[in-house]
Amino acid sequence: MQYQWYPGHMTKAKRQMQEDIKLVDLVVELVDARIPVSSHNPDIDELGKQKSRLVLLNKADLADEAKNQAWCEYYKAQGSYAVRLDARNRGGMKAVQAVIQEACKEKIEKNRRRGILNRPVRAMVVGIPNVGKSTFINSFAGKACAKTGNKPGVTKGKQWIRLNKQVELLDTPGILWPKFEDQTIGLHLAWIGSIKDELLNKEEMAVELIGELQNSYPGILEGRYGISEETEPVAVFEALAQNRNCLKKGGGLDYGKAAALLLDEFRSGKLGRITVEAPPAAG
Ligand code: G4P
């Protein structure tokens, strides 16, 4: 199974981001908490290397809480700020606000020393499609925030959302295209629904997911579907199709339907909070 992306979009998006990044002090990168490695595009490390960095481990509500914590520790050890988040929940935004302030404190202090007191720090949100960028911007900005734009010195057309006296956010997020020479990354992106299902072999994806769950979350398939996990993934898949009555009209098991069901239950959290990618071990 081969996963492909569209180079035309990629080049344009990257060029736009190179321009936008010049305007900001802080890069806020959203990754998907279930697959923080695969949902991170390493280009941003190069593009944002002069900037403060904040990683938002988004959709943390769908991910394993122990691994969310481990990931936050990992990012901090790497010198990035990190917060785990459910971007749909406005209640979580205070913590983000506080961390942004912290991440930009050197810049604020530098401005203060130069006698510049009223210049807000500027941030932009980046991430791969569907990771929750728009949801985050809406929750974070809320209704109270005024949009500002087309000020002298600001690139024409850029809209900034004034969050408070100290922070402004670029209202259009930067889209990073997933990068995957490595097919495992493609597979993980496909599991969370970041690649159009029509392009993929869902049955193959489902069998691979079963293998992963058998290894990393033993008991989860048995608990949900009442099927034995003590066999090969393909046999587990067959049992699942049977258990959930996924049948073709003319008779026989409907594997397409069974695959769609498993993937949907994984993506929506019905299977439980699952993180596929753990942080590299310390040391
Ligand atoms: P994008 O701008 O990065 O492309 O992502 P967007 O905000 O559009 O979010 C994509 C989907 O993810 C949305 O679902 C949104 O509600 C959901 N989402 C965003 N943040 C979180 C989170 O922290 N937790 C959970 N569980 N979901 C989140 P949608 O529009 O309903 O699409 P879909 O769910 O039908 O695919």
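Residues numbered from 1 in each chain as written. Predicted model: local features only at pLDDT ≥ 70, side-chain atom pairs only at ≥ 80, totals over all residues. Heavy atoms only, no water.

Asks: Help me understand unusual backbone geometry, please; the structure alone is not making it clear to me.
Replies: Trans peptide bonds make up the majority, and among non-glycine residues the majority have a negative phi. You will see that Lys59, though not glycine, has its phi angle at about 60°, which is positive. If you trace the backbone, Lys59 turns up in the loop between β2 (52-58) and α3 (65-77). In this structure Lys59 comes out as partly exposed when scored by relative accessible area, which is 21%. Of note, the phi angle at Asn245 is positive, near 55°, even though the residue is not glycine. Mapping Asn245 onto the fold places it in the loop between α10 (233-243) and α11 (255-267). (Helix = DSSP H or I, 4+ residues; strand = E, 2+ residues; numbered from the N terminus. Buried < 20%, exposed > 50% of the residue type's maximum accessible area, 1.4 Å probe, protein only.)

Asks: What exactly am I supposed to notice about the pattern of salt bridges here?
Replies: Close approach of charged atoms lets side chains of opposite charge pair. Scanning the entire structure with this criterion turns up 19 salt bridges. A salt bridge links Glu29 to Arg53, with the shortest nitrogen-to-oxygen separation between them at 3.8 Å. Of this pair, Glu29 sits in strand β1 (residues 26-32) while Arg53 sits in strand β2, and the two are 24 residues apart along the sequence. A salt bridge links Arg53 to Asp45; the nearest nitrogen and oxygen atoms lie 3.0 Å apart. Three or more residues joined by partner-sharing salt bridges are found here, namely Glu29, Asp45 and Arg53. (Salt bridge = Lys/Arg side-chain N within 4 Å of Asp/Glu carboxyl O.)

Asks: For this particular structure, what's the right way to read the packing of aromatic side chains?
Replies: Two measures describe an aromatic ring pair: the distance that separates the ring centres and the angle between the ring planes. Evaluated as defined, the whole model comprises 5 aromatic pairs. With a centroid separation of 5.6 Å and 35° between ring planes, the pair formed by Phe237 and Tyr255 is classed as tilted. Taken together, the residues span a long stretch of sequence, with Phe237 in helix α10 and Tyr255 in helix α11 at a distance of 18 residues. When its relative accessible area of 4% is taken as the criterion, Phe237 is described as buried. Taken together, Trp71, Tyr74 and Tyr75 form an aromatic cluster joined through their ring pairs. Positioned over the ring face of Trp160 is Arg122, at 4.1 Å from the centre of the ring. (Phe/Tyr/Trp six-rings, centres within 6.5 Å; stacked < 30°, edge-to-face > 60°. Lys NZ or Arg CZ within 6 Å of the ring centre and 35° of its normal.)

Asks: Even after reading the chapter, I still don't get the site of the ligand, so can you show me in this structure?
Replies: By nearness alone, 16 residues border the ligand, and Asp61, Asn130, Lys133, Ser134 and Thr135 come closest of all. In this structure, an oxygen atom belonging to the ligand sits 3.1 Å away from a side-chain N or O atom of Asp86. Between the ligand and Arg88 there is a distance of 3.3 Å, counted from a nitrogen atom to a side-chain nitrogen or oxygen. With the chains in place, 61% of the 720 Å² that the ligand exposes on its own is no longer accessible. (Near = heavy atom within 4 Å. Polar contact = N/O pair within 3.5 Å; in protein donor to acceptor, adjacent residues only side chain to side chain. Areas by Shrake-Rupley, 256 points an atom, 1.4 Å probe, with all protein chains shown as cover.)

Asks: I would appreciate a short explanation of the side chain of Ser39 in the present structure.
Replies: Within the element layout of this structure, Ser39 appears in the loop between β1 and α2 (43-47). Using a relative accessible area of 1% as the deciding quantity, one classes Ser39 as buried. From its side chain, Ser39 meets the backbone nitrogen of Asp32 in a polar contact 2.9 Å long. In contact with Ser39, not counting residues within four places along its chain, are Leu30, Val31, Asp32, Ile128 and Leu189. (Contact = heavy atoms within 4.5 Å.)

Asks: Whenever I open this one, the nonpolar core confuses me. Can you help?
Replies: A general feature of soluble globular proteins is that nonpolar side chains tend to end up buried together. By size, the foremost hydrophobic cluster in this structure holds 71 residues, and its most contacted members are Val28, Leu54, Leu56, Val96, Phe136 and Leu262. With 6 residues, the single largest contributor to this core is helix α7 (residues 183-192). With sequence-adjacent residues up to four places away left out, Leu56 is seen in contact with Val28, Glu29, Leu30, Val31, Val83, Leu85, Val96 and Phe136. Membership of the second largest hydrophobic core comes to 10 residues, among which are Val55, Ala63, Cys72 and Ala82. (Core = buried A, V, L, I, M, F, W, Y, C linked by side-chain atoms within 4.5 Å.)

Asks: Whenever I open this one, the pairing of β2 confuses me. Can you help?
Replies: Remark: a regular strand shows side chains that alternate across the two faces of the sheet. β2 sits mainly inside the fold: 6 of its 7 residues count as buried. In this structure, β1 lies alongside β2, joined through 7 bridges in parallel fashion. Paired with Val28 across the strands is Leu54, a residue of β2. As defined by bridge partners, β2 adjoins strand β3 (residues 81-84) across 4 bridges and the pair is classed as parallel. Bridge pairing links Leu56 to Val83 in β3. With α3 bridging β2 and the parallel β3, this β-α-β connection has right-handed handedness. (Pairing = 2+ DSSP bridges. Right-handed = clockwise from strand over helix to strand, strands pointing away.)

Asks: I'm lost on helix α6 (residues 133-141) in this one. Help?
Replies: An α-helical turn contains 3.6 residues, so a residue and the one three or four places further along point in the same direction. Those residues of α6 that sit buried are Lys133, Phe136, Ile137, Ser139, Phe140 and Ala141. Downstream of α6 by a residue or two, Gly142 has a phi angle that is positive, lying close to 60°.

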